[in-house]
Amino acid sequence: MARWTRLAIGAGVVGLLVAAAALPLGLVGGFVATRVALATTDLPAALAQPTVPQASRLYAADGKTLVTTFADLNRTDVALDAVAPVMRQAMVAAEDTRFYEHGAVDVRSVLRALVANGRSGETEQGASTLTMQYVRNVLKTDPKATQAERDAATADDFGRKVQEMRYAVAVEDALSKDEILTRYLNIVYFGAGAYGISAAAQTYFSTTPDKLTLPQAALLAGLVQSPDAYDPIHGDKAAAQERRGYVLDSLVKAGDVSQADADHAKAAPLGLRPGAVPNGCTAARPENARFFCDYFVSWWQRQKAFGETPQQRLAALRDGGYEIVLSLDPKVQATATKAATDVYDYDDPKALPIAAVQPGTGRVLALAVNRHYSLAKKPGDTVDQLVAGGDSVTGYQAGSTFKLFTMLAALEAGYTLDTGFDAPSQLRTHWADGGPASCAGFYCPRNDNPEWMDGYRTMWTGFGRSVNTYFVHLEEQVGAAKAVEMAQRLGITFRAKSDADRAANDADDWGSFTLGVADTTPLDLANAYATIAADGTYCTPLPVKGITDATGHKVAAADPTCRKVLEPDIARAAVDAARCPVGQAGAFGQCDGGTATEVSTMLDGRPVAGKTGSAEGNATESFVGFTPQVAAAGIAANPSHPADGVGGAVQVDVIAAVTDVLERAVTGQPEKPFAAPTPALAFENGSNPAVPWPHDGYGRQQARRYP
């Protein structure tokens, strides 16, 4: 094909000499002088491996539901077999009827154009093959070229035309006709901001290229010659319809459609169904996915696979043509959104951010809150990341949910689940404190409900009834620094500077840490509990299931990043104690009372575990629950005014909201049991409940050392 092209060009030039009298001498001379140069040329890198910007698309976890796109230019490549055959035929009929018959340059058209141009005195008229048009489109949109180089690709002069021909010959040497047509369909401008057939099908008809009908295909193909003049959405519909008729007539001449079919298509209305392609998080669909989208973007900007700097990574997202399948489960997301808004309206100053995570992968299933993700200033509008934290959002106190970290630190230090002592109403510790919880200059925490909490407690019953004095004393025995380190090991990030400073410089004296006085987020909290659900495997929170680049290659950044941070038996022991708060007995039947016993009933007895939490003065109310398949957490708070407490009454609503999310997430999944810990970690003597330990006058357990 390429050799035929070169011979044809040579023959065409000879023929031009016969008609020299009718043409300007400079035009003929220039064309003859470039004949040899047309025969051979190297293919520029921009044409060999085009880097034309294209949109990245985000899909929900099903891989089909489009959530949004990120694009500076509305364009997405599709394969030729993903374009309706009638669309391919219409494009050829409209722009280059002999595309599959001639070479890179259609000599017949060149001769005709040169004669016409010579008589009119113009430098160019027609004669551009589809391959030449492809060359022009690539060069004028090459992001690596300078603006001057891009302008030169469309310059109205003979030299540019010759260069275009040369490159077209090289392109046809390297690519098949179908490959050229594919690239052309994916780059050409159809008007209304739509580059490429995928964007055009969506923009004009809210459909995909494979579903285009004959009248639709003819209309789109007709737009390419002059997108502004024929624009049926913002311009002249009659002109667009007339141009569509021209394309249909060309299809008949080419033998691709019958006259009857063409006449029927001509009579059809334009049938426009403009469909704006969502761009960015503020346009994500459904609306409840926008906070999730925001979290995804912040995650993307931390991934070195997409550039050296956050700015480069964001640019890659906007023009790299990535296909991204989020871990977002639309059903779980919808349930979480409804659960949050059932507790507080969108414009309520108080908020209930909720997060759900998959144990063992870290994949985030849902991020919801009773807010509209919007830059508008109306009540309930914000783009602050209230669920996952970031920028100025440090999180919220999660109360007694932090008792988990003290329990894990104790189990790791050699204590067993039956470690017990008489927990008093108030406990005087060895930590100095001059605040409201002090007595005689020492930190002296109290139980919130002495009648129900005081007395002999083990890890099972202390966790189930959320006994403050039990866990503060346990923290004394183990060391507060170990509880802080355990929290960090399970992914708790101290975003507040005061918390980070204390964790780094004064952790051993942080006696109140186990009562959840540090700020955290629902996502961090859910993922920490997901770690024990996964037998001690911590996974970095991950908002994606899969990513492929513009060439179809998978990107490893979408793979879970996990590491073992706890021995499985220690994690299982903590899970066993965490079954007490939600009304289950655990593997050894040692539970006795819980703060959220309704959860077990709400899940029809399915194995579940969790923990409630209340900040001082009921400033916040929290609940985190988990099964082996999912962990979810919610924290009711006033994000703008933390001192404006939500009140204790809302705790039952928070519990119900999070449990609704758990129930939706496990629907359709088989019931899976928790693995039981070994008796050696449950009981001090390895098999039976331990004898109560002695305590001093302040209710402190007498020191007992373990290896």
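For the structure given in this document, a descriptive report is provided here. (Residues numbered from 1 in each chain as written. Predicted model: local features only at pLDDT ≥ 70, side-chain atom pairs only at ≥ 80, totals over all residues. Heavy atoms only, no water.)

Let's talk about the nonpolar core
Moving on, step 1. Phe296, Ile324, Ile532, Ile547 and Phe626 are the most contacted members of the largest nonpolar core, which totals 105 residues.
Moving on, step 2. If near-sequence neighbours (up to four positions away) are discounted, isoleucine 532 is found in contact with Leu404, Leu408, Leu490, Leu566, Ala571, Ala574, Val575 and Phe626.
Moving on, step 3. Residues Ala93, Ala104, Ala218 and Leu219 belong to the second largest nonpolar core, which totals 61 residues. (Core = buried A, V, L, I, M, F, W, Y, C linked by side-chain atoms within 4.5 Å. Buried < 20%, exposed > 50% of the residue type's maximum accessible area, 1.4 Å probe, protein only. Contact = heavy atoms within 4.5 Å.)

Remarks on the packing of helix α5 (residues 85-95) against helix α13 (residues 237-253)
Axes are the key here: two packed helices are described by the angle between their axes and the distance separating the axes.
Moving on, step 1. It is at 8 Å that the axes of α5 and α13 come closest, and there the two elements cross at 100°. Taken as axis vectors, α5 and α13 run roughly perpendicular relative to one another. On α13, the residues that touch Gln89, Ala90, Ala93, Ala94 and Glu95 of α5 are Arg243, Tyr246, Val247, Ser250 and Leu251.
Moving on, step 2. Looking at the contact of α5 with α13 residue by residue, the class counts come to six nonpolar, two polar and two charged. (Axes fitted to C-alpha atoms, helices over the stretch in contact; angles between N-to-C directions. Helix = DSSP H or I, 4+ residues; strand = E, 2+ residues; numbered from the N terminus. Parallel < 35°, antiparallel > 145°, perpendicular 65-115°, else oblique. Nonpolar A, V, L, I, M, F, W, Y, C, P; charged D, E, K, R; others polar.)

Things to note about the state of the cysteines
Moving on, step 1. Under the defined criterion, the tally for this structure stands at four disulfides.
Moving on, step 2. Cysteine 539 shares a disulfide with cysteine 562; S-S distance 2.1 Å. One quick way to see it: the torsion about the S-S bond of cysteine 539 and cysteine 562 is about 110°, and its sign makes the bridge right-handed. Linking cysteine 539 in strand β14 (residues 537-539) with cysteine 562 in strand β16 (residues 562-564), this pair joins segments that are 23 residues apart in sequence.
Moving on, step 3. Assessed through its relative accessible area of 34%, cysteine 562 is described here as partly exposed.
Moving on, step 4. Assigning the bonded cysteines of the protein consecutive numbers by sequence position, one obtains the connectivity 1-2, 3-4, 5-6, 7-8. (Disulfide = S-S within 2.5 Å.)

What about the pairing of strand β19 (residues 631-636)?
Moving on, step 1. Within β19, six of the six residues are buried, which leaves the element mostly enclosed by the surrounding structure.
Moving on, step 2. Here β19 shows a buried face lined by Ala631, Ala633 and Ile635 and a second buried face lined by Ala632, Gly634 and Ala636.
Moving on, step 3. Here four bridges tie strand β4 (residues 354-357) to β19, and the two strands are oriented antiparallel to one another. The residue of β19 that forms the bridge with isoleucine 354 is glycine 634.
Moving on, step 4. Taken together, the six bridges between strand β18 (residues 621-626) and β19 define a ladder with antiparallel strand orientation. By the bridge assignment for β19, glycine 625 is matched with alanine 632. (Pairing = 2+ DSSP bridges.)

Some points on α13
Moving on, step 1. Over its 17 residues, α13 extends 25 Å from the first C-alpha to the last, a length consistent with the 24 Å expected when each residue adds 1.5 Å.
Moving on, step 2. All buried positions along α13 are accounted for by Ala239, Ala240, Arg243, Arg244, Gly245, Val247, Leu248, Ser250 and Leu251.
Moving on, step 3. Contacts from the buried residues of α13 go to α5, α12 (214-223) and α14 (259-267).
Moving on, step 4. N-cap assignment for α13: the residue whose side-chain oxygen lies 3.0 Å from the backbone N of alanine 238 is aspartate 236.
Moving on, step 5. Phi for glycine 255, located one or two positions after α13, is positive at around 80°. (Expected span 1.5 Å × (residues − 1). Polar contact = N/O pair within 3.5 Å; in protein donor to acceptor, adjacent residues only side chain to side chain.)

On their own, these measurements won't tell you what the molecule is for.
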